[in-house]
Amino acid sequence: MGLYIHVPFCVHKCGYCDFNSWAEERPGPQQAWFSSLTKQVQFWSPKMKDHAFETVFFGGGTPSLLSNELITQTMVLLKKHFQFSKNVEITWEVNPETVSLEKIEAFASAGVNRLSMGVQSFQNVNLDRLERRARREDNLRALQVIGKNWPGRWSLDLMFGLPNQSQQSWAEELSTALEFKPRHISAYQLTLTTERSKNWQQPDEDELLKQLLFTQKTLAAAGLPAYEVSNFAAPEEECRHNLKYWDLEGFLSLGPGAAGLIPGRWLNPVAASDQSLRWGFHQKNPDSFEKWSAGAGQAEAELGTWLKPRDWQMHLEELLMMGLRLQKGVSEARISQFLGLLEGPEFIKKQGFRALSPDALPLLNTHLEKIFGKLDNFRPPSLDLEQLDPKF
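What counts as what
Residues numbered from 1 in each chain as written. Predicted model: local features only at pLDDT ≥ 70, side-chain atom pairs only at ≥ 80, totals over all residues. Heavy atoms only, no water. Helix = DSSP H or I, 4+ residues; strand = E, 2+ residues; numbered from the N terminus. Contact = heavy atoms within 4.5 Å. Phe/Tyr/Trp six-rings, centres within 6.5 Å; stacked < 30°, edge-to-face > 60°. Buried < 20%, exposed > 50% of the residue type's maximum accessible area, 1.4 Å probe, protein only. Lys NZ or Arg CZ within 6 Å of the ring centre and 35° of its normal. Axes fitted to C-alpha atoms, helices over the stretch in contact; angles between N-to-C directions. Parallel < 35°, antiparallel > 145°, perpendicular 65-115°, else oblique. Left-handed = near helix turned anticlockwise from the far one by under 90°. Core = buried A, V, L, I, M, F, W, Y, C linked by side-chain atoms within 4.5 Å. Expected span 1.5 Å × (residues − 1). Nonpolar A, V, L, I, M, F, W, Y, C, P; charged D, E, K, R; others polar.

S.K.: Hey, could you run me through the environment of glutamate 97 in this one?
M.R.: Residue position: glutamate 97 is located in the loop between strand S5 (83–94) and helix H3 (101–110). Taking the C-alpha atoms as reference points, glutamate 97 and isoleucine 371, 274 residues apart in sequence, are found 43 Å from one another. Every residue in contact with glutamate 97, bar those within four places of it in the chain, is listed here: Val11, Arg133, Ala134 and Arg141.

Structure follows, in structure tokens:
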């Protein structure tokens, strides 16, 4: 069971970013966020009393913009109202310009045990194009501070496929990152989905594929093999929270614009009498801070407007779409009635999982289109929807 907390504030809204976030550093909005979060936590606490969170993830926005006092208050709030497993993973996203010795000491004393830092690039020309506020020296300084002083686990994010980026330039980015001996790197291809980025020119598809394959080879040689399309880690250093997304496990989301996935059994007896809710609910809080704040902790919003039931086909498609991103693939036990969808030379079988082959994985979206096309006409001889996914 996972918990996601959305903190929407940023120093600056970057041109490529389509997340629910906005530039805001004043203490007043932060306090308003905390007040509304408190209402959500108090609402969900009794409904989660039989569950212990195994992972917590603070995403944004730039969650490290919160004051040290609010970081502490937020963790105290969660520990008061929710149960955590003994070895809970608590990740907090940080941006380099917010990193200081005092800040990471506040994280550590509050119980945070994993940091995820959004570096994106070590080259100022790329940082300018991405509209990042941090400079190369900020990124290097922040990594030095974390490397020397942070007692827990940490990860860094990089981006490839940037305008005018060559493979040599990308190789230099990876080389710089590896100098700090990270145990986890997320390397994402830039996607141009915002109005401000739509005219940016990326390398062509062949060059993008070369950069991806080079990333896989380089990081594997450095002891960080891929465990997901864009994520690379030493053994036992994977992000346990993000694995919940890709394994399609349940997680509760709090904060403006946050989206969650709630199995129907979590809300028993609310959902127990309605078999149409067997596949649980999508949870989507409003993107508007005002609408979220007004409905936070109100049953008609939390269990009504913000909660939508899922059907079996939606569940199956998400199970395949997320699970096939992983090197290990999808559990055969969870899709036992639909294994016929994953037959062919592009698939491999390994230890109870069905996965795309290493050559096929970079073309994931193409293969998903084919799978979903077959699903429209695919029905097992004796389809038992109640046994579609015993884990969920």
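S.K.: Just to check I follow, could you spell out the packing of aromatic side chains for this structure?
M.R.: Given two aromatic rings, their pairing is described by the distance between the two centres and the angle made by the two planes. Applying the stated criterion to the full structure yields 10 aromatic pairs. Residues phenylalanine 58 and tryptophan 92 carry aromatic rings whose centres are separated by 3.8 Å and whose planes lie at 15° to one another, so their mutual orientation is stacked. In this pair, phenylalanine 58 sits in strand S4 (residues 52–60) while tryptophan 92 sits in strand S5, placing the two residues 34 residues apart along the sequence. For phenylalanine 58, a relative accessible area of 0% corresponds to the buried category. Of the aromatic side chains, those joined through ring pairs into one cluster are Phe58, Trp92 and Phe107. Sitting above the plane of the phenylalanine 43 ring, lysine 47 keeps its charged end 4.1 Å from the centroid.

S.K.: Could you clarify how one ought to interpret the packing of helix H2 (residues 68–81) against H3 in this entry?
M.R.: Think of two packed helices as two axes; the pair is described by the angle between the axes and how far apart they sit. One can describe the packing of H2 onto H3 by two numbers: an axis separation of 9 Å at closest approach and a directional angle of 15°. By the angle between their axes, H2 is roughly parallel relative to H3. Of the two elements, H2 crosses H3, and the hand of that crossing is right-handed. Every residue of H3 that contacts H2 at Asn68, Ile71, Thr72, Met75 and Lys79 is listed here: Glu102, Lys103, Ala106, Phe107 and Ala110.

S.K.: Teacher, can you tell me more about the nonpolar core here?
M.R.: When a protein is soluble and globular, its nonpolar side chains tend to lie buried together. Of all hydrophobic cores here, the largest spans 67 residues; its most connected members are Trp33, Phe82, Trp92 and Leu115. Broken down by element, the residue count for this core peaks at six residues, all from helix H1 (residues 27–44). In this structure leucine 115 touches Trp92, Val94, Ile104, Phe107, Ile146, Trp150, Arg153, Trp154 and Ser155, once residues within four positions along its chain are discounted. In this structure, Leu324, Val330, Leu368 and Leu388 belong to the second largest nonpolar core, which totals 35 residues.

S.K.: Just to check I follow, could you spell out helix H6 (residues 167–178) for this structure?
M.R.: Residue pairs spaced three or four apart in an α-helix point in one direction, given the helix's 3.6 residues per turn. With 12 residues, H6 should cover 16 Å at 1.5 Å per step; its first-to-last C-alpha distance of 16 Å lies within 8% of that length. Residues of H6 that are buried: Ser169, Trp170, Ala171, Glu173, Leu174, Thr176 and Ala177. Looking at the buried residues of H6, the elements they touch are helix H4 (124–130), helix H5 (136–149), strand S7 (153–160), strand S8 (184–189) and helix H7 (205–221).

S.K.: Just checking my understanding: could you explain the packing of helix H11 (residues 312–323) against helix H12 (residues 364–375) for this structure?
M.R.: Contact geometry of H11 with H12 gives a least axis separation of 11 Å together with a crossing angle of 155°. With respect to their mutual orientation, H11 and H12 come out roughly antiparallel. As for how H11 packs across H12, the hand of that crossing is right-handed. Between H11 and H12, the contacting residues are Gln313, Leu316, Glu317, Leu320 and Met321 on the first element and Leu368, Ile371, Phe372 and Leu375 on the second. For the contact of H11 with H12, the class distribution of residues is seven nonpolar, one polar and one charged.

S.K.: How do you make sense of the environment of isoleucine 71 when you look at a structure like this?
M.R.: The topology assignment puts isoleucine 71 in helix H2. Taking the relative accessible area as the measure of exposure, isoleucine 71 reaches 0% and is therefore buried. Sequence separation between isoleucine 71 and alanine 110 is 39 residues; the distance between their C-alpha atoms is 7.1 Å.

Nothing here speaks to function; it is geometry throughout.
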